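Letter by letter, the chains look like this.
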Amino acid sequence: MRRNAEIPLVAFIVSGNKKEIKLALPKGRIYDKVVKLLKNAGFTISGNGRSYRPKINDNNIKIKILKARNIPRLVELGSQDIAFTGNDWVVEQSADVQELIDLKFDPVKIVAAIPKKYSFDELKKKKKVVVASEYENLTKKFLEKNGFDYVYLRTFGATEVFPPDDADMIVDNTSTGTTLKQNGLEIVDTLLESSTRMIANKQAMQDEWKRKKIDCIVMLLKSVLEGKKRVYLEMNVSEDNLNDLVKILPCMKSPTISKLYGADGFAVKVAVEKNKVAELIPILKEKGATDILEFKLSKVVV
């Protein structure tokens, strides 16, 4: 069979091109980050920007774009096999799904916030505290745990505008808390910390073909995420300094070492965490390393 150069190798690792994985992508701000991740992993998504069913260069994957809040339940029900969504919606809906990857995209906190003029303890004593939120289950659990007499008010975005006229408290997501402060609100508790997750239908993971295909996708995505965290360092070192140098290298397993052609020394290659490079390079130089080169990594398969 002649392989189409536009289709990633992962499409050919498993048999049965007529079978498919149903993949849900989240509409909104998370979408672009997820699409970029998929592209870096070898999956190119194309569409006119208006279609809810874009194309992907893999005959075994079928994509649909959905609102992030709708995704967990649809994955649980099996209408979608795998998907990307915020963990806040998974927890809010108590969705019975399998988490595959924490992408750590768009980290947020689900918080309870009240107007600065209020006291949290005083608010507890108030009859029928009006609490506005998109997160009904998380909100009610929090209020009942803290003994509030409350009225729940569902919102559909812009929750922070409700207090103080229309609500005494809100439960909302925030990344920095800046918007809450600008609206005269103070965070009184954190209910949940969330980020973008890749999730799967549990029954799909029991199907041998689907599980193998999903495992391949997960491997490629993880390799991109791991590649972003690391850089590749290459250096030369004399035989006298080799052992001392190798001892300080924070490599993944062990460094690659090869004899230099026509010279008394060795070439040492190692993948290290990006956040350690600034501290590491001066130490390497001190230990006798020369000709130090740094390269970006696109994928790291561990």
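As the structure is a computational prediction, the values presented were derived from the model and not from experiment.

Colleague: Please clarify how the overall build of the chain should be interpreted in this entry.
Modeller: What the chain contains, in helices and strands, is nine helices and 16 strands. Against the 2.2 N^0.38 benchmark of 19 Å for 302 residues, the chain shows a C-alpha radius of gyration of 25 Å, more extended than a compact globule. Counting only C-alpha atoms, the chain reaches 85 × 55 × 35 Å along its principal axes. Per-residue burial for the chain yields a buried fraction of 44% across its 302 residues.

Colleague: Even after reading the chapter, I still don't get the sheet that holds strand β7 (residues 108-115), so can you show me in this structure?
Modeller: Strand-to-strand pairing in sheets goes through backbone hydrogen bonds, with the strands running parallel or antiparallel. With respect to topology, five strands assemble into an open sheet ordered β9-β8-β10-β7-β11, the strand pairing being mixed. Edge strands, defined here as strands with exactly one partner in the open sheet, are β9 (150-154) and β11 (185-194). Across the sheet, the mean angle from the axis of one strand to that of its neighbour is 25 degrees, orientation sign disregarded. Inspection of the sheet shows β7 paired to β11 by eight bridges, in the antiparallel sense. Counterpart to A112 in the pairing with β11 is D189. Along the sheet face, helix α5 (residues 136-145) touches β7, β8 (129-133), β9, β10 (169-174) and β11 and points at about 165 degrees away from the line of β9.

Colleague: Even after reading the chapter, I still don't get the packing of helix α1 (residues 29-40) against helix α7 (residues 208-229), so can you show me in this structure?
Modeller: Any two packed helices are characterised by how steeply their axes cross, that is the angle between the axes, and by the distance between the axes. Two elements in contact, α1 and α7, have axes whose closest approach is 8 Å; the angle formed by their N-to-C orientations is 100 degrees. Taken together, the axes of α1 and α7 are roughly perpendicular relative to one another. From α1, L37, L38 and N40 reach across to α7, where they touch L221, V224, L225 and K228. Partitioned by chemical class, the residues of the contact of α1 with α7 number five nonpolar, one polar and one charged.

Colleague: Quick question: what am I supposed to make of a positive patch on the surface here?
Modeller: Taken together, K36, K228, K274 and K296 make up a surface patch of like positive charges. Counting through the fold element by element, K36 comes out in helix α1.

Colleague: Where do I start with the pairing of β10 in this structure?
Modeller: Within a regular strand, the side chains alternate between the two sheet faces. The buried fraction of β10 amounts to five of the six residues, a majority that puts the element mostly inside the structure. Where β7 lies against β10, five bridges are found, and the strand directions are antiparallel. Bridge pairing in β10 places A113 opposite I170. Two elements, β8 and β10, share three bridges in a ladder whose sense is parallel. Counterpart to A132 in the pairing with β10 is I170.

Colleague: I tried to follow the pattern of salt bridges on my own but got confused; where do I start?
Modeller: A side chain of one charge can pair with a side chain of the opposite charge if their charged atoms are brought near each other. Scanning the entire structure with this criterion turns up 17 salt bridges. Two residues, D102 and K104, come together in a salt bridge whose shortest N-O distance is 3.4 Å. Under the relative-accessibility criterion, D102 is labelled partly exposed at 26%. What you see here is one network of salt bridges that share partners, running through E99, D102, K104 and R197.

Colleague: Even after reading the chapter, I still don't get the side chain of T85, so can you show me in this structure?
Modeller: Looking at where T85 falls in the secondary structure, it is placed in strand β5 (residues 82-86). Residue classification places T85 among the buried residues on the basis of a relative accessible area of 0%. In this structure the side chain of T85 is engaged in a polar contact, spanning 2.8 Å, whose partner is the backbone oxygen of A68. Discounting residues that sit within four places of it in the chain, T85 has contacts with A68, I71, P72, V90, S195, T196, R197 and I199.

Colleague: Even after reading the chapter, I still don't get the sheet that holds strand β12 (residues 196-200), so can you show me in this structure?
Modeller: Taking strand neighbours across the sheet as the criterion, the five strands line up as β4-β1-β5-β12-β6 in an open arrangement whose pairing is mixed. Every other strand in the sheet has two partners, leaving β4 (61-67) and β6 (98-102) as the edge strands with one partner each. Averaged over all adjacent pairs, the angle separating strand axes in this sheet is 30 degrees, with direction ignored. Where β5 meets β12, five bridges bridge the pair, whose relative direction is antiparallel. Paired with F84 across the bridge in β12 is M198. Together, β1 (21-27), β4, β5 and β12 form the strand contacts of α1, whose direction differs from that of β1 by roughly 135 degrees. α7 contacts β1, β4, β5, β6 and β12 of the sheet and is inclined by roughly 20 degrees relative to β6.

Colleague: Quick question: what am I supposed to make of the nonpolar core here?
Modeller: Across soluble globular proteins, you tend to see nonpolar side chains buried next to one another. In this structure, L25, L38, I82, F84, L100, M198 and L221 are the most contacted members of the largest nonpolar core, which totals 31 residues. Of all elements in the fold, only β1, α1, β4, β5, β6, β12 and α7 reach the threshold of two or more residues within this core. Residues in contact with M198, not counting those within four places in the same chain, are I82, A83, F84, Q98, E99, L100, I101, L103, I217, V218 and L221.

Colleague: Is there a simple way to explain the side chain of K210 in this structure?
Modeller: With respect to the helices and strands, K210 occurs in helix α7. A polar atom in the side chain of K210 sits 3.0 Å from the side chain of D81. Among residues more than four places away in sequence, those in contact with K210 are E20, I21, D81 and A204.

Rules used in this analysis
- Residues numbered from 1 in each chain as written.
- Predicted model: local features only at pLDDT ≥ 70, side-chain atom pairs only at ≥ 80, totals over all residues.
- Heavy atoms only, no water.
- Helix = DSSP H or I, 4+ residues; strand = E, 2+ residues; numbered from the N terminus.
- Rg over C-alpha atoms; globule rule 2.2 N^0.38 Å.
- Buried < 20%, exposed > 50% of the residue type's maximum accessible area, 1.4 Å probe, protein only.
- Pairing = 2+ DSSP bridges.
- Axes fitted to C-alpha atoms, helices over the stretch in contact; angles between N-to-C directions.
- Contact = heavy atoms within 4.5 Å.
- Parallel < 35°, antiparallel > 145°, perpendicular 65-115°, else oblique.
- Nonpolar A, V, L, I, M, F, W, Y, C, P; charged D, E, K, R; others polar.
- Patch = residues over 30% accessible without salt bridge, like charges linked within 9 Å, V, L, I, M, F, W, Y side chains within 5 Å.
- Areas by Shrake-Rupley, 256 points an atom, 1.4 Å probe, with all protein chains shown as cover.
- Salt bridge = Lys/Arg side-chain N within 4 Å of Asp/Glu carboxyl O.
- Lys, Arg positive; Asp, Glu negative; His and termini not counted.
- Charge placed at Lys NZ, Arg CZ, Asp CG, Glu CD.
- Polar contact = N/O pair within 3.5 Å; in protein donor to acceptor, adjacent residues only side chain to side chain.
- Core = buried A, V, L, I, M, F, W, Y, C linked by side-chain atoms within 4.5 Å.

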